Structure formats: structure tokens, C-alpha cells
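Single-letter residue listing:
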Amino acid sequence: MKLTVAQALVRFLAAQYTERDGRRHRLIAATWGIFGHGNVAGLGQALLEAGQDTMPFLQGRNEQAMVHAAVGYARQCGRLSAHAVTTSIGPGATNLVTGAALATINRIPVLLLPGDTFATRPADPVLQQLEVPYAGDVSVNDTLRPVSRYFDRVTRPEALIPAALQAVRVLTDPVQTGAVTLALPQDVQAQAHDWPEEFFAERTWGVRRPRPDRSELARAAEAVRTAERPLIVAGGGVRHSGAQAALAAFAEVTGIPVAVTQAGKGVLPHGHPADVGAIGHTGTAVADGLAREADLVIAAGTRLTDFTTASATLFRHPAVRFTGLNLDPYDAHKLAARPLVADAREGLDALREAVRGHRVDPAYEAAYRRGAADWQERVERAWAVPAAEEELPPTQAQVLGLLDALVDGTDILVNAAGSLPGDLHRLWRARSADQYHVEYGYSCMGYEIPAAIGVALAAPGRPVWALVGDGTYLMNPTEIVTAVQEGVPLRLVVLDNHGYASIGGLSASVGGEGFATGYRFRAADGAYTGDPLPVDLAANAASLGMAVIRARTVRDLREALAQARSAGRPTCVYVQTRTPDTVSGPPPAQAWWDVPVAETATRKAAAEARDEYDRQAAQRRRHL
């Protein structure tokens, strides 16, 4: 079958499927693209010739944003279906790097197809080519190597066959998955070749569910039976495995409490008896209190990042031990854990059977349930709107409270950066397993809007909300145009607090005094402490095609959110938030996060912050 390399690749991708638990999914459901001289005559022509039925195409505005949209789609699909992204050479390709890092860190599959310089080198250099004096085979696409789980450059037509097969192998591997890059020289894309028809036959790639090793399972079961204060820390691996029911069953029969990471939030529905909420720096008081006293921590499907472990200061019991339930041995061994290498669902089901009849002390169970109830009272206080505040601008916590009162289990919230992830992790009450979509592996500003489009494409008919601050909005609003073009009824909530409020707070806590974190004019002393900038984000969203509702007060916002939820077109709710006071604001951090402070300084704020840093750092522990 004579086809160009680009035509062959499109035809091959259209025939790839995944299967898990007897359900089959198309692997590459669509391709995002922006065309230029690196892909317009190759993949652009191939996609045109294939047609929308063979390979649906989506037009993007920014290459990084296209990757974010693909990540949002794949996460919503449980990593069983994904999108491809094609770009030109040069800046189009390097714009992929941030999105690729995000996908790989979060273990989400996305296929990147950047154009590349000529393999045959008819002219050297060509437009946008990076010249490397010590290597003739390097291009800017090599910046994607460290952030890709698989990388190949297809320099001859016949090399596409092994490269494409390896790419799909990695995309469908639940341990190895992440960004996969096939760099495609523009001349090779357009080159014809005689392909074996078997290359285009439908292939179904099984997504494995490895069961635990018997000896590892026996050790894990013994650890559970002998622990007095066990705690489960559930991460994104539980969600990716679809192990929510298995986790709930295990917690119900053993009485072991469950704390959740950012990626794991929602794996138990709000109100489940074992749910103690978020853990770590952005955790709840009850979860972090349990972590400090736990003698056994079952880390299920989590990478145990510094936000989860409070920079290695959270788990303080002198005899604490860890069991790492994870598909990836690398993660299963963290904190010197006893590994239980397995799929989360298979591992939890097996462990439940292995400890049948065992349950924690009723006093322990009663105590953590009281703690969870106490925390919910703190949530209600943070969300409360006294009658006197109805005509005031809302606090950020009140915005979340109004949204909580409006949504049901069909709604999905997308967020990634700023102060919102912390408030959401501590306060939000997830009503369904996939309602809480916060990207916190890379915490990438600019993720929310394009990712929400990807989520909406994967979950048509469900209300999808992108929650963004003004800093994130200014990073990457361009895909609003895509939502308008494609008729995706995105609900965008823009919270304007005139600057990088999250970093401003962090700066103040580490002696930085909020330096250069406000969106304000310069004052007489040169600092950014003057009047707020006259930037109208609502007008900007309207100029990109969204319906915009401005909310000035709590009362306005309540009505605006309801109107946006019922809207059938992309709609933005814009509100300037009020700084909370110590009573109505969200609860402070319940655990530490290590951000190094200047060891020597002349300014009082930095010196005081260093004293506090030394006090906290002294509690850090190596778990060996």
C-alpha cells in the first residue's frame, strides 16, 4: 500500500485500541494541530485526506495549550483514550515542552508529533533550525527527550513501523505512560513508501492489572493486622485504576481512615465514614493529625511528593512504617516502604481478603470520625455568608461555598495553580469520583482553560468549570477561541485579586515581603504597590467570544453561577474577590512545606522567617 509517511501514521493511529475489563476504547480519538512549514504538507495533508471520520481534527491556538487539552481528555477517560498533537518545527515544537512535562509527571498519555528539520539536509540550515556546531543530528525537538517517556526521530519511512509500535506500547502501559514524542522531519513526512497492509490492521492493546506477589501481600497483611493506628493515603493511581469501590470496601471492613492527595481527592465520596479529607501541606487538621500519629501508612497509588509528606515532616511516630501499593516499583519503594507492587484495585481487593476479620480499635475509629465532623464545621464557617456580607465582594472561600451549593455529582471542576488548589484540597466536597480535577503534579499556570475543553470533549453534556485566578488567566486564555469555535459550553470562573496572591502569601511567609507579586503600578519607591492595573479581564474574555457575567457582590455571584451552569455556550463569570479576615477565611496550613529561606539577611522579615524555617526543618526525618 503506497502512502506517505504522514498518511501511513494517521491510518495506523486510527486502528489502535485499548481494552481493560472487557471494555474497548479508541486509543487516539482525535488530533490537535497548528500547521506550519514543518507539518502542513505532511500531517496536514494526511489529516485532510483521511477525513474527520477516520481521524477527527481539532484546531488549537497555542501548542502548549493543545497538550493541556489532550491531558484533560485523557485523564477524564481514565488514560484509556488519548489525543495526538501535531506542530510545525522550531517554536511550535518547543512550545510542547511544558505540556509534555506536565503529562509525564502526572503519568497521563499524550502523543506528540512535532515537525522536524530535513532528514536529507538539502539546505542547511533551514528556517527555524537550531545549528549545533558539535552535532549535526540535534534539533530543538531534542528538548522533548527528558520530558518524554519515549522519544524517536523517524528519519526514514521504514523506521516508522517500529517507532509507531513502540510509541503505542508506552502510551498504553499504565506504568510507563506519559508524553510520547515522534519527531517527524518534514521531508520524511511527505515521502512515499510501500507499506505492508498488516501495519494498518486493527490492534487492541490490553491495559494490564498486575496482581500482587504472594509474599509481598503476606507482609502487607501482617503489617495491617499488627498496626494500632494505620492510615491509608490514596493518590491518583487509585483513580486511574478505577479502584474507588475497592478502596471503599477495604476501608469499610477494616475501619482504616483514608486521606487523599490532590490527585486522589474524590476517590471516596464526601461523607464516606472513612474519609478524613486532604493530607499534607494543604491537608485537613484531622488527616494531618492522624498522619503524625500513624504507625502504618498504606500509600496507595501515590508518588508521595513533598506536599503530601509536608516535606518529610508529617509522619512522626517513632515506629512508623510504610506499605507502598503501586504499579510502579519505583514509587512502591519510596520512604523505605514494604512494596506491594500491583494494580490498585487488584492490590486492595487482595489485601482485604488477606486481612478478613481484622478491624481497627473502635475508639480509634470514633476519634477520627469526630475529627472529620469537626473539620466540616470549619469548612462551613469558611463558606458562610453573613447577611451583612451579601452586598460585599466575596472571599475566595465564599466563591467555592456558593459553587458547592449549586453543583451536583455531574459537575467537574478543573484547576491547577495559585491559591485555589490549597483551598479546594482542604475545603471542597467531591460528590463523584471524577468531579475533582486539579493538576498538581506540575501545578501549571495556564492549564485550566484548555484542560477543561479536553474534559468537556470526554464528558459531553456534563457541566465543566475552569476555576482560574487573574494570573493564570493572563498566562493562557487563547483556547477560549477554541471553545467558542467548537461549541464547547465551558464555564469559566475568573477570580481577580490583582496579582499572584498565592506567591504573595508564600513570599510573605519566607521573608520576601510580597515583593513583585501584585499587579499594580509602581509606587514612588519603585515597588509594585500602587493602584491596581486597569486590566479588564472580563472584556478580554468577551472579545474572544465568551458570554460574560460580571459579579460584584455575593448576591450577584450566586445568580451568575446559576446562570452560567444552565448556559448552552461558553460563559465566563468574572468576580473581584475580597481579602478574607481571620474568621471568615479558609483554615491555615496544617502542615509545613519546605521553601528555603535566606540564611543571612538584614531585613527583619527574612531573619524572622529563617528562625521559623530552622524550627520546622529540625523536624524533618529520613524514613529508612
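Rules used in this analysis
- Residues numbered from 1 in each chain as written.
- Predicted model: local features only at pLDDT ≥ 70, side-chain atom pairs only at ≥ 80, totals over all residues.
- Heavy atoms only, no water.
- Helix = DSSP H or I, 4+ residues; strand = E, 2+ residues; numbered from the N terminus.
- Rg over C-alpha atoms; globule rule 2.2 N^0.38 Å.
- Buried < 20%, exposed > 50% of the residue type's maximum accessible area, 1.4 Å probe, protein only.
- Contact = heavy atoms within 4.5 Å.
- Areas by Shrake-Rupley, 256 points an atom, 1.4 Å probe, with all protein chains shown as cover.
- Lys, Arg positive; Asp, Glu negative; His and termini not counted.
- Charge placed at Lys NZ, Arg CZ, Asp CG, Glu CD.
- Phe/Tyr/Trp six-rings, centres within 6.5 Å; stacked < 30°, edge-to-face > 60°.
- Pairing = 2+ DSSP bridges.
- Axes fitted to C-alpha atoms, helices over the stretch in contact; angles between N-to-C directions.
- Parallel < 35°, antiparallel > 145°, perpendicular 65-115°, else oblique.
- Left-handed = near helix turned anticlockwise from the far one by under 90°.
- Salt bridge = Lys/Arg side-chain N within 4 Å of Asp/Glu carboxyl O.
- Right-handed = clockwise from strand over helix to strand, strands pointing away.
- Nonpolar A, V, L, I, M, F, W, Y, C, P; charged D, E, K, R; others polar.
- Patch = residues over 30% accessible without salt bridge, like charges linked within 9 Å, V, L, I, M, F, W, Y side chains within 5 Å.

A word on the overall build of the chain. Broken down by element type, the chain carries 24 helices and 23 strands. A globule of 624 residues ought to have a C-alpha radius of gyration of about 25 Å, and the chain, at 25 Å, matches this closely. In terms of overall dimensions, the chain has C-alpha extents of about 70 × 70 × 55 Å along its principal axes. Burial analysis of the chain (624 residues in total) assigns 57% to the buried set. Intrachain contacts of the chain at a sequence separation of at least 6 include 77% that bridge at least 24 residues. Total accessible area computed for the chain in this model is approximately 24,800 Å², and 52% of it derives from carbon and sulfur atoms. The positive charge centre, built from 61 side chains, and the negative charge centre, built from 66, are 4 Å apart in the chain.

What follows is about the packing of aromatic side chains. One pass over the structure, following the stated rule, counts 11 aromatic pairs. Taken together, a centroid distance of 5.7 Å and an interplanar angle of 75° make the contact between Tyr364 and Tyr368 edge-to-face. Taken together, the residues Tyr364 and Tyr368, both in helix H15 (residues 362–383) and 4 residues apart, mark about one turn of the helix. Residue class for Tyr364 comes out buried when judged on its relative accessible area of 5%. Relative to Tyr519, the ring of Tyr500 lies with its centre 4.9 Å away and its plane at 75°, an arrangement referred to as edge-to-face.

For the rest of this paragraph, the subject is helix H10 (residues 244–254). Among all positions of H10, only Gln244, Ala246, Leu247, Ala248, Phe250, Ala251 and Thr254 are buried. Where the residues of H10 are buried, they touch strand S12 (230–234), helix H9 (236–241), strand S13 (258–260), strand S15 (296–300) and helix H14 (344–354). Residue Gly255 follows H10 closely and has a positive phi angle near 75°.

Of all 8 residues in helix H17 (residues 420–427), 8 are buried, a share of seventy percent or more. Buried within H17 are the following residues: Leu420, Pro421, Gly422, Asp423, Leu424, His425, Arg426 and Leu427.

A few words now on the sheet that holds strand S16 (residues 321–326). Adjacent strands of a sheet form backbone hydrogen bonds with each other and so pair up, either parallel or antiparallel. Read from one edge to the other, the open sheet built from 6 strands follows the order S14-S13-S12-S15-S16-S17, with strand pairing classed as parallel. Of all the strands in the sheet, the pair left with one neighbour each is strand S14 (275–278) and strand S17 (338–341). Geometrically, the sheet is characterised by an average inter-axis angle of 20° between neighbouring strands, direction not taken into account. Alignment of S12 against S13, held across 3 bridges, turns out to be parallel. The residue bridging Ile232 from the neighbouring strand is Val258, located in S13.

Relative to each other, helix H3 (residues 63–76) and helix H5 (residues 96–105) sit at 20°, their axes nearing to 7 Å. Classified by the interaxial angle, the pair formed by H3 and H5 is roughly parallel. Of the two elements, H3 crosses H5, and the hand of that crossing is right-handed. Across from Glu63, Gln64, Val67, His68 and Val71 in H3, the residues of H5 making contact are Leu96, Thr98, Gly99, Ala100, Leu102 and Ala103.

All chains considered together, the criterion is met by 37 salt bridges. Across the pair Asp331 and Lys334 runs a salt bridge, and its minimum N-O distance is 2.8 Å. Residue classification places Lys334 among the partly exposed positions, given a relative accessible area of 22%. Notably, a salt bridge pairs Glu389 with Arg578, separated by 2.9 Å at the nearest N-O pair. Separated by 189 residues along the polypeptide, Glu389 in the loop between H15 and helix H16 (396–406) and Arg578 in the loop between strand S23 (571–576) and helix H24 (604–617) bring together distant segments of the chain. An identical accessibility class is assigned to Glu389 and Arg578; each is buried. Bridged by salt links that share partners, the residues Asp21, Arg209, Arg211, Asp343, Arg345 and Glu346 form one connected network.

When strand S8 (residues 150–153) meets strand S9 (residues 179–185), the two strands line up parallel, connected through 4 bridges. Looking across to S9, one finds that Asp152 is bridged to Leu182. For the segment spanning S8, helix H6 (residues 160–171) and S9, crossover handedness is right-handed.

Bridging between strand S2 (residues 16–20) and strand S3 (residues 23–26) involves 4 bridges; their strand directions are antiparallel. Note that in S3 the partner of Arg20 across the bridge is Arg23. As consecutive antiparallel partners, S2 and S3 are separated by 2 residues, and within that stretch Asp21 has a phi angle of approximately 55°, a positive value.

Assignment of secondary structure puts Asp288 in helix H11 (residues 285–293). Arg292 provides the closest opposite charge to the buried, unpaired Asp288, separated from it by 4.8 Å. Contact partners of Asp288, with chain neighbours within four places excluded, come to Ile279, Gly280, Gly283, Leu314, Gln590 and Ala591.

The subject of this paragraph is the environment of Ala263. Residue placement: Ala263 occurs in the loop between S13 and S14. The sequence separation of Ala263 and His425 amounts to 162 residues, and the corresponding C-alpha distance is 9.7 Å.

As a further point, take the packing of H11 against H15. Closest axis-to-axis distance for the H11/H15 pair is 8 Å, and the angle between their directions is 145°. Here Ala285, Val286 and Leu290 of H11 come into contact with H15, specifically with Tyr364, Tyr368, Gly371, Ala372, Trp375 and Arg378. Class assignment for the residues of the contact of H11 with H15 results in 7 nonpolar, 1 polar and 1 charged.

Spatially, the 3 strands line up as an open sheet ordered S3-S2-S11, and their pairing is mixed. Strand pairing shows two members of the sheet lacking a second neighbour, S3 and strand S11 (203–206), which therefore form its edges. This sheet shows a mean twist of 30° between the axes of neighbouring strands, independent of strand direction.

Moving on: a nonpolar patch on the surface. Judged by side-chain polarity, Leu474, Phe521, Leu533 and Val535 come together as a nonpolar surface patch covering roughly 330 Å² of accessible area. Of note, Leu533 is situated in the loop between helix H21 (501–509) and helix H22 (537–543). For Leu533, a relative accessible area of 31% translates into the label partly exposed.

On to the side chain of Thr571, then. As for its position among the elements, Thr571 is in strand S23. In this structure, Thr571 is in contact with Leu490, Arg491, Leu492, Met546, Ala547, Ile549 and Ala564, ignoring residues within four places of it in sequence.

As a further point, take the environment of Val267. Relative to the helices and strands, Val267 resides in the loop between S13 and S14. As for Val267 and Pro146, which are separated by 121 residues in sequence, their C-alpha atoms are 31 Å apart. Apart from residues lying up to four places away in sequence, Val267 is in contact with Ala234, Gly235, Val238, Arg239, Gln244, Leu247 and Val260.

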